[in-house]
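One-letter residues, chain by chain:
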Amino acid sequence: MSVLPLELIDKCIGSRIWIIMKGDKEIVGTLKGFDDYVNMVLEDVVEYEMTPEGRRVTKLDEILLNGNNVAIMVPGGQPPYEEE
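Residues numbered from 1 in each chain as written. Predicted model: local features only at pLDDT ≥ 70, side-chain atom pairs only at ≥ 80, totals over all residues. Heavy atoms only, no water.

Some points on the nonpolar core
Then step 1. In terms of nonpolar packing, the biggest core is built from 14 residues, with I19, I27, L31, M40, L42 and L65 touching the most fellow members.
Then step 2. Among the secondary structure elements, those contributing two or more residues to this core are β1 (16–21), β2 (25–34), β3 (40–51) and β4 (54–65).
Then step 3. Discounting chain neighbours no more than four positions away, the residues touching M40 are I19, L31, G33, F34, I63, L64, L65, V70 and M73.
Then step 4. Counting five residues, the second-largest nonpolar core is a separate cluster that includes W18, V46, Y48 and Y81. (Core = buried A, V, L, I, M, F, W, Y, C linked by side-chain atoms within 4.5 Å. Buried < 20%, exposed > 50% of the residue type's maximum accessible area, 1.4 Å probe, protein only. Helix = DSSP H or I, 4+ residues; strand = E, 2+ residues; numbered from the N terminus. Contact = heavy atoms within 4.5 Å.)

Here is the structure:
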């Protein structure tokens, strides 16, 4: 039995998800919803940005994330450094 990508994402609604973006950002948040283009609404978000000065952490209540810039999604995952 196979599972389609959008079916897997649908099962993640209400759960934490780790999103690795194209470029130097990673986002962890609770998935509230998404569309066919994998644009996502996330709550309780932590954004990690890798800069020449080090890792910058930004906390946000809610975001709309453009699916075009998503490289990898890890359902239930978190970066290894999130607990620091």
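Digging into the sheet that holds β1
Then step 1. Judged by pairing direction, the sheet is antiparallel, and its five strands sit side by side in the order β4-β3-β2-β1-β5 without closing on themselves. The open sheet has two edge strands, β4 and β5 (70–75), and neither has a second partner. The average undirected angle you get between the axes of adjacent strands in this sheet is 25°.
Then step 2. As defined by bridge partners, β2 adjoins β3 across eight bridges and the pair is classed as antiparallel. Residue pairing in the sheet places E26 in a bridge with Y48 of β3. (Pairing = 2+ DSSP bridges. Axes fitted to C-alpha atoms, helices over the stretch in contact; angles between N-to-C directions.)

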